[in-house]
Amino acid sequence: MVIAIGFEGSANKLGIGIVHNGVVLSNCRRTYITPPGEGFLPRETAQHHRSLVLAVLSQALREAAVTPEQIDVVCYTKGPGMAPSLQTVAIVARTIAQLWNKPIIGVNHCIGHIEMGRMITGSDNPIVLYVSGGNTQVIAYSRNRYRVFGETIDIAIGNCLDRFARVLKLSNDPSPGYNIEQLAKKGKKFLSLPYVVKGMDVSFSGILSYIEKQSYQLLKSGEYAPEDLCFSLQEVLFAMLVETTERAMAHCGSQEVLIVGGVGCNLRLQEMMETMCHERGAKLFATDERFCIDNGVMIAQAGFEMFRTGNLTKWDETTVTQRYRTDAVEVTWR
Amino acid sequence: MTYKIELDSDYRKNLSVFLIKDVQNAAEIKEMVVKGTLDCCVIKPTLIIHPFQIAVAANKAVISKMQDKMTTKTLHTEILYNLSTSRNITQSLMKFGVGESDKNMLVGVIEESGEDRTDNVLSHFKGIISPIEELPKFSDTALIKKTYKIKDSELAVSTLTDSVVTRIATRDFTSV
Amino acid sequence: MADDGRKCALGYDFKLIKQGAEAKVYKGNYLGRPTIVKERFKKSYRLLDLDNHITKERIKSEARAVLRCKIAGIHTPALYLVDFERRCIYMEDVQNSTTIKDYITQISEEAENEAGTAGSLLMKLYPIAQEIGKVLGKLHANNIIHGDLTSSNMLLVKDEKDTLTIVLIDFGLSHVESSMEDKAVDLYVLQRALMSTHANVDRLFATILDAYMKENKKESHEVLKKFNEVWARGRKRTMVG
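All of these numbers come straight from a predicted model, not from anything done at the bench.

Student: Before we move on, can you summarise the side chain of Ser84 of chain B with the specific residues and values?
Tutor: Residues and elements named next belong to chain B. Mapped onto the secondary structure, Ser84 falls in the loop between helix H3 (75–83) and helix H4 (89–96). Polar side-chain contacts of Ser84 include one of 2.8 Å to the backbone nitrogen of Ser86. Dropping the residues within four chain positions of it, Ser84 is found in contact with Ser92, Phe96 and Arg171.

The following block contains the structure:
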């Protein structure tokens, strides 16, 4: 009976979670929120994490009613992500692993999302759409790897949405994407935007620069309201994602879709994906904001899978890395 | 012997194509077709490589008519227009349609399923009905290649018929 | 209506043989010829205007690309009808053909049964790799970007003399482009598609690329350079969040 603790800090979310054989014992998170119109920078993000990590750790242990002795394995995000914030969190993980004399496992952030999604939803072998501020990938499991079928060839969808939120000077609380979603619900007028799908891949930078350029004029003239722009942007971006996911499903013959990552919380995206799935007779699996958004539990869960198949990380490899491909990890647990 | 095929089955129509040579009354035929008293399409065989070419053009015409999207006035002028690479109707009709002094012609008759009026139509022609297999004697391959702008390098990967019908199918939105 | 039935000829005279992400593919006889009908269905998850617009553009791109390929000396199916209202393309059903995907799978299985090495698999696939590279070289030399190169979008036709013919299909994402970037991305998409579908085929792509270079001599240097850039970009993307 393995109890795993997971530490996540690759971007602006600091998460520590504890999981016991597929049951979530605690899931604590703090988000570094910047003022409207500003994105989060590496140094300040790391400082934010550093200032809160010990408090969050205590909270996680307390809520799980678990002592350090009872922990079996310490898991942390090895990458990908922002180096300073990854480093901050990794140092704490390494330290407590040594203090408590526990094995340590460096986990790939994307795989954390996937394993968390699989565990929470019970989906078997889905096509995974991983969409967040830093990632946009369509992933399918094959021959011991999570293979990237399609991805963005430039920026991630979350990044695209976040940057547009900055143009509109939306609040970053709780997240820029959430606020775009709320505005979009009230949008009525559709603005035609470039729709860019290249094979299995998508490209967002063109749409972003287009809407960034046009929005000032469109809003000023009163032709479109911010709600309309948010609505249009979502409709086009999400349609592109649903299309590429569907292509991967057709190519692999899969009847399951799992959406993970922060943008996966978006109800409109879930709705569109559900419609597509319904038309194909496929099933959609999605999680809510507790697990969609970066969290520590997902690291613990993925770490647990690696642990039980003997996949420990050697001490001199307990580093962090900004770039860490999803398909670089050998999946020993499936 | 005769070329008869079913067109798009949404509409239950058949197309029959006949080859008639040594026609003596071309002017009369032309007048009847223009007036509408002779319900058929009359085509110059020099520009036709295979009756399938007419089938594709006729099929497109029938569907356009049913979707209420014809460019020309009648089904038969629509067939001639469809055979052409040009979007100029008059030019197309002149190029593919038959003139007063033409001796050889292809006749296309579109019938409802179950209808049988080809004999009636053919009876108006003062000429010799020949087996459709003789069409190659009248097709001008060089002219067809020139008209449809088909180079020999294309014929290494496609039959002339396939190249022609592909152009017919895409004429409305491609310029070759 | 039922799964493959819309109320039109497609439901009755044609048999649904494949349902891809974007289209249903039917097989039957049309105008006296074996025909494939590709019907792009409505995507209700998209706004109607967006859906109609994308569908129409894709149909046009596909049809144009098929013709352009013929003109460029590349095998593609003949087209019999393009119907925007029905959202369908009626095209030649290429006889005696199998997809490259099925062919590779079949050869891979044979190689496994013979207890061959990865090398012997490559040897068996060498001839088609050459042909594929040549066809793609010609494609790009004529500035046609396929846009969705996968092993399912290439047909192999073998005749009695064992001559291999590659027929390209599925041009919905195609466009005309002379940029090295787009050509490199076209090849990159193929590489990834091959890797994600077939095992032990890394060197297959290298062979294809080699043959491509020989055919598209004029641009081979530039395209290769761009290809490496695109490849590196994929490997090195910073993924934050």
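Student: Residue-level account of the sheet that holds strand S8 (residues 154–158) of chain C, with values.
Tutor: Sheets are built from strands that pair by backbone hydrogen bonding, the pairs being arranged parallel or antiparallel. Residue and element names in this part refer to chain C. Reading across from one edge, S6-S8-S9 is the order of the three strands in this open sheet, with antiparallel pairing throughout. Each end of this open sheet is capped by a strand with a single partner; those strands are strand S6 (97–99) and strand S9 (164–168). Going from strand to strand, the sheet's axes swing by 30° on average, the running direction of each strand aside. Relative to S8, S6 runs antiparallel, the two sharing three bridges. Note on S8: the bridge partner recorded for Thr98 is Leu156. Along the sheet, helix H3 (residues 100–113) contacts S6, S8 and S9; its crossing angle with S6, the most-contacted strand, is approximately 80°.

Student: Can you tell me about the interface of chain A and chain C, naming the residues and giving the values?
Tutor: Across the boundary between the two partners, chain A contributes 50 residues, which contact 39 residues of chain C. Around 3,600 Å² of area is buried between chain A and chain C when both sides are counted, 51% of it from carbon and sulfur atoms. At the boundary of chain A and chain C, one finds seven salt bridges. Arg192 of chain C serves as the salt-bridge partner of Asp201 of chain A, at 3.2 Å between the closest nitrogen and oxygen. Those elements giving two or more residues to the side of chain A that touches chain C turn out to be strand S7 (136–142), strand S8 (145–151), strand S9 (197–198), helix H7 (226–252) and helix H8 (267–280) of chain A.

Student: Requested: an account of the interface of chain B and chain C, with residues and values cited.
Tutor: Taken residue by residue, the interface counts 32 residues in chain B and 27 residues in chain C. Carbon and sulfur atoms make up 59% of the area that chain B and chain C hide from each other, which totals about 2,400 Å². Summed over the shared surface of chain B and chain C, the number is four salt bridges. Residue Arg33 of chain C pairs with Asp162 of chain B through a salt bridge whose shortest N-O separation is 3.1 Å. Here chain B is connected to chain C by 11 residue pairs in polar contact (both at pLDDT 80 or more). The set of elements that each furnish at least two residues to the side of chain B that touches chain C consists of strand S1 (3–6), helix H2 (51–66), helix H7 (152–155) and helix H8 (160–170) of chain B. Residue contributions to the side of chain B that touches chain C peak at eight residues, all from H8 of chain B.

Analysis parameters
- Residues numbered from 1 in each chain as written.
- Chains lettered and ligands numbered in written order.
- Predicted model: local features only at pLDDT ≥ 70, side-chain atom pairs only at ≥ 80, totals over all residues.
- Heavy atoms only, no water.
- Helix = DSSP H or I, 4+ residues; strand = E, 2+ residues; numbered from the N terminus.
- Polar contact = N/O pair within 3.5 Å; in protein donor to acceptor, adjacent residues only side chain to side chain.
- Contact = heavy atoms within 4.5 Å.
- Pairing = 2+ DSSP bridges.
- Axes fitted to C-alpha atoms, helices over the stretch in contact; angles between N-to-C directions.
- Buried area = accessible area lost by both parts, 1.4 Å probe.
- Salt bridge = Lys/Arg side-chain N within 4 Å of Asp/Glu carboxyl O.

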